Amino acid sequence: MDMEKVNSMDFGEFVDVFGNVVERCPLIAAAVWSQRPFCNSEDLEKHFFAFIDALPQSGQEGILRCHPDLAGRELQQGTLTAESRREQRGAGLMSLDAAERLRLAELNAQYRARFGFPFVLAARLSDRAAVPGELARRLQRPPAEELRTALGEVKKIGRLRLADLLGAAGLAGP
Ligand SMILES: NC(=O)N[C@H]1NC(=O)NC1=O
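These figures come from a predicted structure and were not determined experimentally. Once a new chain begins, its residue numbering starts again from 1 and follows that chain's sequence as written. It should be noted that, the model being predicted, local features are given only for residues of pLDDT at least 70 and side-chain atom pairs only at 80 or more, the latter also being counted only at that level, while totals for whole chains, interfaces and linings use all residues. Think of the side-chain values as coming from all heavy atoms in the structure, minus any hydrogens and water.

Student: Now, about the confidence of the model for the protein: what can you tell me, with residues and values included?
Tutor: This prediction gives the protein a mean pLDDT of 95; 96% of its residues lie at or above 70. As a per-residue measure, pLDDT reflects the predictor's confidence and takes values from 0 up to 100. Any two residues whose heavy atoms approach within 4.5 Å at even a single point are treated as in contact. Residue range residues 169-174 is modelled with pLDDT below 50. Its contacts to residues more than four positions away, or to other chains, number five contacts. Here the prediction assigns the complex a pTM of 0.94, and the interface score ipTM is 0.99.

If you want it as structure tokens, here you go:
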């Protein structure tokens, strides 16, 4: 999909296509649409990230809270978004054994209790073997530092999702 196509999208189409670049936060795509035209994919990405950076802490924490746990209840219940499902499956989080699932559930709960938002990690850049160690490590960090790290992961996820969308031949159109 080229930028000309992106820049020609009406509001509804843009939000349909880019609404989950940030997990369950279509409001961000809705706000970014107003900034068009975009000169290239980096420019488009910059607007998504600038919106996140400009939010007060409560809004940034709200974005994190829109993310499903890794290997959590929504994965078990089949209620993940298509993007999250693909990412979690790719990292092997759909094939954990019972002990691994329990360990992650405990760590996720500890993390949420400490910071007040779920543990967020770009699953496509990690894997099932690395996630528990990374979670345990980040559990020890000071809250302000951890908020910055978690938002950095949201941006990594968004960058990969944008690349999928902009590279997708099926969406290129005539
Ligand atoms: N909790 C969390 O990190 N969730 C996410 N990570 C990812 O790569 N996709 C998600 O939904």
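Student: Just give me the short version of the site of the ligand, but keep the residues and values in it.
Tutor: It suffices for a single heavy atom of a residue to lie within 4 Å of a molecule or strand for the residue to be listed as near it. In the vicinity of the ligand, the contacting residues are Pro68, Leu70, Ser84, Glu87, Phe119, Val120, Leu121, Ala122, Ala123 and Ile157. Any N or O atom pair separated by 3.5 Å or less is treated as a polar contact, with the protein-specific requirement of one donor-capable and one acceptor-capable atom, and with residues adjacent in sequence counted only for side-chain atom pairs. Measuring from a nitrogen atom of the ligand, one finds a backbone N or O atom of Pro68 at 2.7 Å. Here Leu121 contributes a backbone N or O atom positioned 2.8 Å from an oxygen atom of the ligand. Where accessible areas are quoted, they stem from the Shrake-Rupley method and a 1.4 Å probe; at the residue level, only the protein chains shown are allowed to cover. Here the ligand loses 100% of its free accessible area of 290 Å² to cover by the protein chains. Amino acid classes used here: Ala, Val, Leu, Ile, Met, Phe, Trp, Tyr, Cys and Pro are nonpolar; Asp, Glu, Lys and Arg are charged; the rest, including Gly, are polar. Broken down by class, the residue content of the shell around the ligand amounts to eight nonpolar, one polar and one charged.

Student: A description of the domain arrangement of the protein should follow, citing residues and the corresponding values.
Tutor: One frequent convention defines the size of an interface as the accessible area lost when the parts assemble. Domains are outlined according to an automatic or database domain assignment. Domain boundaries in the protein define domain 1 (3-55) and domain 2 (63-163). Using only C-alpha atoms to locate each centre, domain 1 and domain 2 end up separated by 24 Å. At the interface, 15 residues of domain 1 touch 17 residues of domain 2. A carboxyl oxygen of Asp or Glu within 4 Å of a side-chain nitrogen of Lys or Arg is what we treat as a salt bridge. Joining domain 1 to domain 2, the criterion identifies four salt bridges. Across the pair Asp53 and Lys155 runs a salt bridge, and its minimum N-O distance is 2.6 Å. The interface formed by domain 1 and domain 2 contains nine residue pairs in polar contact (both at pLDDT 80 or more). If you tally residues by element for the side of domain 1 that touches domain 2, the top one is helix H4 (residues 41-54), at six residues. For the side of domain 1 that touches domain 2, the per-class residue count stands at 10 nonpolar, one polar and four charged. A run of DSSP states H or I qualifies as a helix once it reaches four residues; a run of E qualifies as a strand once it reaches two. Both are numbered from the N-terminal end.

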